[in-house]
Amino acid sequence: MEKRERVGGDWPWDSEFRNTGLERSEKLAKDLEWFKDQGQDLPEPTNLGVAYADHLKELSGKDSRAIVCHFYNIHFGLTAGGRMMGKKVSEKVLNNKELDFYKWDGDVSELLQNVKDKLNKAAESWTRSKNNCLGEAEKSFKYYGDIIGLILSR
């Protein structure tokens, strides 16, 4: 396996930011199965989604600090506006079926605070010149906004 270079020193990505309780992949898989059971065809990933996933994979391999911005925006966005959007979709389209994607094991506010505390602690030693995360902020919001726009346009 190829060893990844960590830009700017060690970054506790693998140990500190796994199994935080904010992960959504298993919940999403369960919801997708439910949609299939309802007779819905699942669409193929869009070019936009594939491009974003490719960007994140590339970024995680070369500068794990820069990916923090995406991590933060995705997780914190899903628990704020994402929950409100999920509730509206549930009410208007799914006969009030609450998707598992919007359910967390534990108090979501506590999970978010725990991750926020870990992020702040890990970033204490970063200097502005080293913090490539700031350079990724615009890309993160652009991708996220474009994907939300794509969802809303359907």
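As a reminder, the structure under discussion sits directly above these lines.
Read on for an overview of the structure. (Residues numbered from 1 in each chain as written. Predicted model: local features only at pLDDT ≥ 70, side-chain atom pairs only at ≥ 80, totals over all residues. Heavy atoms only, no water.)

## Some points on helix 7 (residues 133–153)
Alright, step 1. With 21 residues, helix 7 ought to run about 30 Å at 1.5 Å a step, and its terminal C-alpha atoms sit 30 Å apart, in line with that.
Alright, step 2. Three or more residues of helix 7 are buried, namely Cys133, Glu136, Ser140 and Tyr143.
Alright, step 3. Where helix 7 is buried, its residues contact helix 3 (47–62) and helix 4 (68–79). (Helix = DSSP H or I, 4+ residues; strand = E, 2+ residues; numbered from the N terminus. Expected span 1.5 Å × (residues − 1). Buried < 20%, exposed > 50% of the residue type's maximum accessible area, 1.4 Å probe, protein only. Contact = heavy atoms within 4.5 Å.)

## Observations regarding the environment of Tyr143
Alright, step 1. Positionally, Tyr143 belongs in helix 7.
Alright, step 2. Looking at Tyr143, the relative accessible area reads 18%, which means it is buried.
Alright, step 3. Taking the C-alpha atoms as reference, Tyr143 lies 9.4 Å from His70; in sequence the two are 73 residues apart.

## Digging into the packing of helix 4 against helix 5 (residues 81–92)
Alright, step 1. Interaxial distance between helix 4 and helix 5 falls to 3 Å at its minimum, and their mutual angle equals 45°. Our classification of the angle between helix 4 and helix 5 gives oblique. Along the contact surface, helix 4 presents Gly77, Leu78 and Thr79, while helix 5 presents Gly81, Gly82 and Arg83.
Alright, step 2. Class assignment for the residues of the contact of helix 4 with helix 5 results in one nonpolar, four polar and one charged. (Axes fitted to C-alpha atoms, helices over the stretch in contact; angles between N-to-C directions. Parallel < 35°, antiparallel > 145°, perpendicular 65-115°, else oblique. Nonpolar A, V, L, I, M, F, W, Y, C, P; charged D, E, K, R; others polar.)

Purely geometric stuff here, so don't read any function into it on its own.
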